[in-house]
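Examination of the molecular architecture
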Amino acid sequence: MALVSMTVNGKAVSGEVEGRTLLVQFIRENLALTGTHVGCDTSQCGACVIHMDGKAVKACTMLALQAEGSTITTIEGLAKGDDLHPVQQAFKENHGLQCGFCTPGMIMTAVDMIDRIPNLDEETVRAELEGNICRCTGYQNIVKSILDAAETTPA
Amino acid sequence: MYQFDYHRAQTVAEAAELLAANDENTLIAGGQTLIPTLKQRLAMPATLIDIGNIADLNFIKAEGNAITIGAATKHADVASSPDVAKHLPALAHLAAHIGDPAVRNRGTIGGSLANNDPAADYPAAALGLDAKIHTNKRLIDADPYFTGMFETALEEDEIITEVTFPHPEKAAYVKFPNPASRYAMVGVFVAKTPIDIRVAVTGAGADGVFRMKEMEDALSSNWSPDTVTGIKVPEDDLLSDLHGAADYRSHLISVMAGRAVAATM
Ligand SMILES: Cc1cc2nc3c(=O)[nH]c(=O)nc-3n(C[C@H](O)[C@H](O)[C@H](O)COP(=O)(O)OP(=O)(O)OC[C@H]3O[C@@H](n4cnc5c(N)ncnc54)[C@H](O)[C@@H]3O)c2cc1C
Ligand code: FES
Ligand code: FES
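Residues numbered from 1 in each chain as written. Chains lettered and ligands numbered in written order. Predicted model: local features only at pLDDT ≥ 70, side-chain atom pairs only at ≥ 80, totals over all residues. Heavy atoms only, no water.

**Considering the overall build of chain B**
Across its full length, chain B carries twelve helices and 14 strands. A compact globule built from 265 residues should have a C-alpha radius of gyration of about 18 Å, and chain B, at 18 Å, falls within 12% of that. Over its C-alpha atoms, taken along the principal directions, chain B stretches across nearly 55 × 45 × 30 Å. The 265 residues of chain B split such that 57% are buried. (Helix = DSSP H or I, 4+ residues; strand = E, 2+ residues; numbered from the N terminus. Rg over C-alpha atoms; globule rule 2.2 N^0.38 Å. Buried < 20%, exposed > 50% of the residue type's maximum accessible area, 1.4 Å probe, protein only.)

Here's what the structure looks like:
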């Protein structure tokens, strides 16, 4: 076992982990932040996407120890109290989810793409969602939510 | 995953020493190939040596007529580098279409070249541009580097440190992505360098990435899409799997080669 420390949603955290402990396990099991989901074991579904040092990454495809010293935001870190993050609000208003399993990863990916890419269009949003799989919605309203949030987010 | 130890290396020398110390020790860079492999219990390392944070392996340098990229440089950094966009836009395009944004934020050029997946994109650029692969021990030309599917000239305890690409006169990469994984069903990199003309094909070869000499010769006399679309790669040398039969891949190679040449004009 080894000690790992990082900042998660603005709080300094640490814990004992094995070499093989995945970052997503540490987040869900040690920190009890279960908003970050695990939808596959092939690194393809994106349900586990978080931000590490400002970049969207798959928390299931990193070891907890690889995140030593980093700053992490999970889906729980987006809302300010009762105020949803604009992207969360857009998913709510545009019916961007059905079962909700893929939603945390979708939203973390969406926040990252809106930060990175000015003037998002539908084609770009669909290409950027390559690593996020949704079994329910057919993506239509997810794309709509992201475009809506992009428009209302000041550049 | 089986149990293993984890060690974050600070320097290449430290990583090399640890790698040589035990046959069962393994490098990890971006982990985008290795971690899924570990989850399937297809590998059982003693210690994972993380080279992802070594500063000397994270850089993009444009010097003279070449661009050198550190082995632990992420796909996303290559895709967004102004130097790469200026001198080697075909490589920026290639990097921007590997997998998905989260994979590109972790996966590295060194990891991709070391793994030599038969459907990976970077091997086509390295072979198509006659890149030089620098290791902690020596310099390897692209031609002898790629020795077969998932096989390279790297020794067990050798670490890729950087890769040098010459500025081509013209170059383009076009891939037909597998609709599920985004890996190449067929990807063709064409380039005219100051030294020669190259056509490198990934995704299709039964022995991994390969050069298509007949297309190279044809392009030397006439650089146009029509020159290559009529040339067929023999099916015997091609992969046939659930994603596509050999005759389909053979057809795709001719079409992608034509599109790649057209993209340079
Ligand atoms: C969902 C998904 C989609 C993908 N799509 C594509 C795609 O479309 N095209 C594509 O090309 N790739 C794709 N990939 C693979 C991705 O590009 C990987 O990043 C790459 O293959 C390996 O790089 P890495 O840094 O993650 O290597 P790691 O997983 O860390 O390592 C891979 C292997 O290389 C060795 N290694 C790593 N660095 C070095 C070094 N410097 N010297 C010697 N050995 C080294 C390791 O020991 C290991 O054996 C995809 C991956 C995923 C998960
Ligand atoms: S759980 Fe991470 S990609 Fe599926
Ligand atoms: S809403 Fe159910 S998986 Fe996307």
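**Overview of empty space enclosed by the protein**
Under the defined criterion, the tally for this structure stands at one cavity of 30 Å³ or more. Lining of the largest cavity is provided by V49(A), A56(A), K58(A), T109(A), E128(A), G131(A), N132(A), D100(B), P101(B) and A102(B). Where the lining of the largest cavity is concerned, the elements lending two or more residues are β4 (55-58) of chain A together with α6 (101-104) of chain B. For the lining of the largest cavity, a count of residues per class yields four nonpolar, three polar and three charged. (1 Å grid on protein atoms, 1.4 Å probe; cavity = no way out; pocket = protein on both sides within 12 Å on 5 of 7 lines; lining within 4 Å. Points joined across faces, edges and corners; volume = space filled by probe spheres on them. Nonpolar A, V, L, I, M, F, W, Y, C, P; charged D, E, K, R; others polar.)

**Quick word on the pattern of salt bridges**
Tallying each qualifying case throughout the model produces 20 salt bridges over all chains. R116(A) is the salt-bridge partner of D112(A), the closest N and O atoms lying 3.0 Å from each other. With D112(A) and R116(A) both in helix α3 (residues 103-116) and four residues apart, the pair spans about one turn of that helix. Among the ionic pairs, D121(B) bridges to K175(B), the shortest N-O distance being 2.9 Å. Of this pair, D121(B) sits in the loop between α7 (109-115) and α8 (122-128) while K175(B) sits in strand β11 (residues 170-177), placing them 54 residues apart in sequence. (Salt bridge = Lys/Arg side-chain N within 4 Å of Asp/Glu carboxyl O.)

**Re helix α12 (residues 246-263) of chain B**
Residues and elements named next belong to chain B. Here α12 is 18 residues long and its end C-alpha atoms lie 25 Å apart, about the 26 Å a rise of 1.5 Å per residue gives. Among the residues making up α12, those that are buried are A246, R249, S250, L252, I253, S254, M256, A257, G258, A260 and V261. Of the surrounding elements, those touching the buried residues of α12 are β11, β12 (184-192), β13 (197-202), β14 (210-211), α10 (213-221) and α11 (225-229). (Expected span 1.5 Å × (residues − 1). Contact = heavy atoms within 4.5 Å.)

**Side note on the interface of chain A and chain B**
Chain A puts 24 residues into the contact, and the matching count from chain B is 28 residues. Where chain A abuts chain B, roughly 2,200 Å² becomes buried across the two surfaces, and 53% of that area is made up of carbon and sulfur atoms. Broken down residue by residue, the surface that chain A buries against chain B is led by R20(A), Q66(A) and E130(A), which jointly contribute 30%. A salt bridge links D100(B) to K58(A); its shortest N-O distance comes to 2.7 Å. (Buried area = accessible area lost by both parts, 1.4 Å probe.)

**Notes on the layout of surface pockets**
Of the pockets and cavities examined, the second largest pocket occupies roughly 630 Å³. Taken together, 27 residues line the second largest pocket, and the ones lying closest to its centre are A127(A), E128(A), A96(B), H97(B) and R104(B). Of all the secondary-structure elements, those providing two or more residues to the lining of the second largest pocket are β4, α3 and α4 (122-128) of chain A together with α3 (75-80), α5 (89-96), α6 and β11 of chain B. For the lining of the second largest pocket, a count of residues per class yields eleven nonpolar, seven polar and nine charged.

**Brief notes about the nonpolar core**
Residues and elements named next belong to chain B. In this structure, L91, L113, Y122, F165 and F189 are the most contacted members of the largest nonpolar core, which totals 36 residues. At the level of elements, β5 (66-70), α5, α7, α8, α9 (142-145), β10 (160-166) and β12 are the ones that each hand at least two residues to this core. In this structure, this core is formed jointly by two domains, domain 2 (56-166) and domain 3 (170-263), each of which donates at least three residues. Apart from the residues within four sequence positions on either side, F189 is in contact with A90, L94, A124, A125, G128, L129, A171, A172, Y173, R198, V199 and A200. (Core = buried A, V, L, I, M, F, W, Y, C linked by side-chain atoms within 4.5 Å. Domains from an automatic or database assignment.)

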